[in-house]
Amino acid sequence: MLSTTSDETPEPGSGTDRPEGENHYLAPTVVESVKVLVVGSFGVGKTTLIGSVSEIDPLRTEESITQASEGIDSLEATPEKTTTTVAMDFGRITLTEEIALYLFGTPGQRRFWDLWAGLAEGAAGALVLVDTRRLADSFEVLDQLETRTSLPFVVAINQFPDAPNYEPDQIRKALDLEAETPIVVCNAKNRNACARALAALVRHALNTR
């Protein structure tokens, strides 16, 4: 259950940065642990986001992309991608002194979507990463999220260098989002930007309880 011990809105980026090669124990001030999903289509940046924001060494279940996935996993927008998540990614961020988020990244390909039901169990909400170069790839992800879970979610536009920029209303219309669904801009390689997106998800989840 998602709750806080005060009326304060969680502020992003207040967790401790993770020095290279060092894991951090959970701060003794933390009184609320919240599970959230990070979802999105193949190659949208889920593993990158969790790796950027996690204060512990993230758990990854990546395998090399092989010829067997040719014609199934399109690398047109991400030609440099050589691995893919086959089970989940996992990380943790202390969002405030009292709230820690446990991040579960889901595989983007349809053939791994049977894992979603288990990963979504007990989650407070989902951060949906979107690539504006291929918005259509997000349709099935959103449908999967809405039909297999009842989680509140926030859409985060991952800023790729060559991606077109759209106004939030254009994104909302293109993805057929409800008016109350928040849309934020996020660079999956930037820890503070990722923390702000996750804070927006926590606020939204609190408001929709």
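Rules of the game
- Residues numbered from 1 in each chain as written.
- Predicted model: local features only at pLDDT ≥ 70, side-chain atom pairs only at ≥ 80, totals over all residues.
- Heavy atoms only, no water.
- Helix = DSSP H or I, 4+ residues; strand = E, 2+ residues; numbered from the N terminus.
- Phe/Tyr/Trp six-rings, centres within 6.5 Å; stacked < 30°, edge-to-face > 60°.
- Buried < 20%, exposed > 50% of the residue type's maximum accessible area, 1.4 Å probe, protein only.
- Lys NZ or Arg CZ within 6 Å of the ring centre and 35° of its normal.

### Side note on unusual backbone geometry
Thinking step 1. In this model, Asp176 sits at a positive phi of 55°, which is unusual for a non-glycine residue.
Thinking step 2. With respect to the secondary-structure elements, Asp176 resides in the loop between α4 (168-175) and β7 (183-186).

### What to know about the packing of aromatic side chains
Thinking step 1. In this structure the tally under the stated criterion is two aromatic pairs.
Thinking step 2. A centroid spacing of 6.1 Å and a plane angle of 20° characterise the contact between Phe90 and Tyr102, whose relative ring orientation is stacked. With Phe90 in strand β3 (residues 83-94) and Tyr102 in strand β4 (residues 99-105), this pair connects stretches of sequence that are 12 residues apart.
Thinking step 3. Looking at Tyr102, the relative accessible area reads 23%, which means it is partly exposed.
Thinking step 4. Relative to Phe104, the ring of Phe90 lies with its centre 5.1 Å away and its plane at 65°, an arrangement referred to as edge-to-face. Taken together, the positions of Phe90 in strand β3 and Phe104 in strand β4 put the pair 14 residues apart, joining distant regions of the chain. For the residue pair Phe90 and Phe104, the accessibility class agrees, reading buried in each case.
Thinking step 5. Through a chain of ring-to-ring contacts, three or more aromatic side chains come together here, namely Phe90, Tyr102 and Phe104.
Thinking step 6. One cation-aromatic arrangement involves Lys35 over Phe104; the distance from NZ or CZ to the ring centre is 4.7 Å.
Thinking step 7. Taking NZ or CZ as reference, Arg133 lies 4.2 Å from the ring centre of Phe160, over its face.

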